[in-house]
Amino acid sequence: DLSRHVAVAAPPRDDSLASCLAAVGAENPAPLAEALEPYARAVRLRLGQPIEGDTRVGSPAADDAALYFVASGRVVLERDTTQSVATLASLSVLRHLGAAEVSKRSSFRIADYGVGAVVGLEAFVLGYYSVARYRCAQNCTLYKLTRSHFHALKRDRPLLALDLLQLCAARLARHNEHTYDQLARLRDAFLSPVATLASNSSFAPP
């Protein structure tokens, strides 16, 4: 029976690059992962560790600024409460509403990313950090693609580099759509008393 001699590929590890790219949305993750292996390396971080070093808003990105593909665990995006007037104003509103404990925090969470997320795009593309920091909310396995390695990928495999960028763009678009939906629901919940008041009076908000 020849079937006994046919090699069967083992399923990828849960945190393998192929599994990660499948979660990102790649249609054929195995060959894409094989092609990317010389350029992207696995990084394993523990709960609480930042993904990058100095990531204060507006600080220049390091030469090895990178895209990170989340293969396992969760990553949160945190904002330093001392870094912008808008942030301070938001915290003032929260404290006015009774969230006094917020004033004791040096940072607060503004986004949460799971397996298949792509983070670090701001520093990778723009060359500076437009957000505060990415931090591991769990033990994480990430695949790191630095700008220098991406330039090497563009030189060696330009079509593959283009496919990767399109994959990242599609993933980010899905994440943004989800974020906008959450913001819309939050807005509706916030405005619902106003809508109820307007329905019982001649006043209607614009």
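Residues numbered from 1 in each chain as written. Predicted model: local features only at pLDDT ≥ 70, side-chain atom pairs only at ≥ 80, totals over all residues. Heavy atoms only, no water.

Enquirer: Sorry, what's going on with the overall build of the protein here?
Expert: Helix and strand content of the protein: six helices and seven strands. The linear arrangement of helices and strands in the protein, starting from the amino end, is α-α-β-β-β-α-β-β-α-β-β-α-α. Relative to its full complement of 206 residues, the protein shows a buried share of 38%. For the protein, the share of sequence-separated contacts (at least 6 apart) that also reach a separation of at least 24 residues comes to 81%. Summed over all atoms, the accessible surface of the protein reaches about 12700 Å², with 57% contributed by carbon and sulfur. (Helix = DSSP H or I, 4+ residues; strand = E, 2+ residues; numbered from the N terminus. Buried < 20%, exposed > 50% of the residue type's maximum accessible area, 1.4 Å probe, protein only. Contact = heavy atoms within 4.5 Å. Areas by Shrake-Rupley, 256 points an atom, 1.4 Å probe, with all protein chains shown as cover.)

Enquirer: Just checking my understanding: could you explain the side chain of Glu78 for this structure?
Expert: Take Glu78: it is sitting in strand 3 (residues 75-80). Look at Glu78 and you get buried, because its relative accessible area is 14%.

Enquirer: Sorry if this is basic, but what is going on with a nonpolar patch on the surface here?
Expert: A cluster of nonpolar residues, Leu121, Val125, Leu126 and Tyr128, forms a patch on the protein surface that exposes about 350 Å² of accessible area. If you trace the backbone, Tyr128 turns up in the loop between helix 4 (121-126) and strand 6 (133-136). In this structure Tyr128 comes out as partly exposed when scored by relative accessible area, which is 38%. (Patch = residues over 30% accessible without salt bridge, like charges linked within 9 Å, V, L, I, M, F, W, Y side chains within 5 Å. Salt bridge = Lys/Arg side-chain N within 4 Å of Asp/Glu carboxyl O.)

Enquirer: Even after reading the chapter, I still don't get the pattern of salt bridges, so can you show me in this structure?
Expert: Proximity of charged atoms lets side chains of opposite charge pair with each other. Overall, the coordinates contain five salt bridges when judged by the stated rule. As a salt-bridge pair, Asp15 and Arg44 come within 3.3 Å of each other at their nearest N and O atoms. Of the two residues, Asp15 sits in the segment before helix 1 (17-24) while Arg44 sits in strand 1 (residues 41-45), which places them 29 residues apart along the sequence. The buried category is assigned to Asp15, whose relative accessible area is 15%. Exposure remark for Arg44: the relative accessible area of 51% places this residue in the exposed category. One network of salt bridges, with partners in common, ties together Glu78, Arg133 and Arg135.

Enquirer: Teacher, can you tell me more about the environment of Val43 here?
Expert: With respect to the helices and strands, the residue Val43 is situated in strand 1. Residues Val43 and Cys140 lie 97 residues apart in sequence; the distance between their C-alpha atoms is 8.1 Å. Apart from the residues within four sequence positions on either side, Val43 is in contact with Cys140, Thr141, Leu142 and Lys144.

Enquirer: Would you mind showing me how to read the packing of aromatic side chains here?
Expert: To describe a pair of aromatic rings, one takes the distance between the centres and the angle between the planes. Throughout the structure, instances matching the rule amount to two aromatic pairs. Pairing Phe124 with Phe150 gives two aromatic rings, centres 5.6 Å apart and planes at 70°, and the pair type is edge-to-face. One end of the pair, Phe124, is in helix 4; the other, Phe150, is in helix 5 (residues 147-156), with 26 residues separating them in the sequence. (Phe/Tyr/Trp six-rings, centres within 6.5 Å; stacked < 30°, edge-to-face > 60°.)

Enquirer: Just checking my understanding: could you explain the packing of helix 1 against helix 2 (residues 29-36) for this structure?
Expert: The description of two helices packed together rests on the angle between their axes and the distance between the axes. Packing of helix 1 against helix 2 leaves a shortest axis separation of 8 Å and a crossing angle of 120°. In terms of axis orientation, helix 1 runs oblique to helix 2. Helix-helix and strand crossings are classified by hand; for helix 1 and helix 2 the assignment is right-handed. Contact residues: helix 1 offers Leu17, Ala18, Leu21 and Ala22, while helix 2 offers Pro29, Ala30, Leu32, Ala33 and Leu36. Looking at side-chain class alone, the contact of helix 1 with helix 2 contains nine nonpolar, no polar and no charged residues. (Axes fitted to C-alpha atoms, helices over the stretch in contact; angles between N-to-C directions. Parallel < 35°, antiparallel > 145°, perpendicular 65-115°, else oblique. Left-handed = near helix turned anticlockwise from the far one by under 90°. Nonpolar A, V, L, I, M, F, W, Y, C, P; charged D, E, K, R; others polar.)

Enquirer: Looking at this structure, I do not really get helix 5. What am I missing?
Expert: Side chains that are three or four residues apart share a direction in an α-helix, a result of its 3.6 residues per turn. When helix 5 is considered as a whole, its buried residues turn out to be Phe150, Ala152 and Leu153. Mapping the buried residues of helix 5 onto a view down its axis gives an arc of 155°, with all of them on the same face. (Arc of directions from axis to C-beta.)

By themselves these figures say nothing about function.
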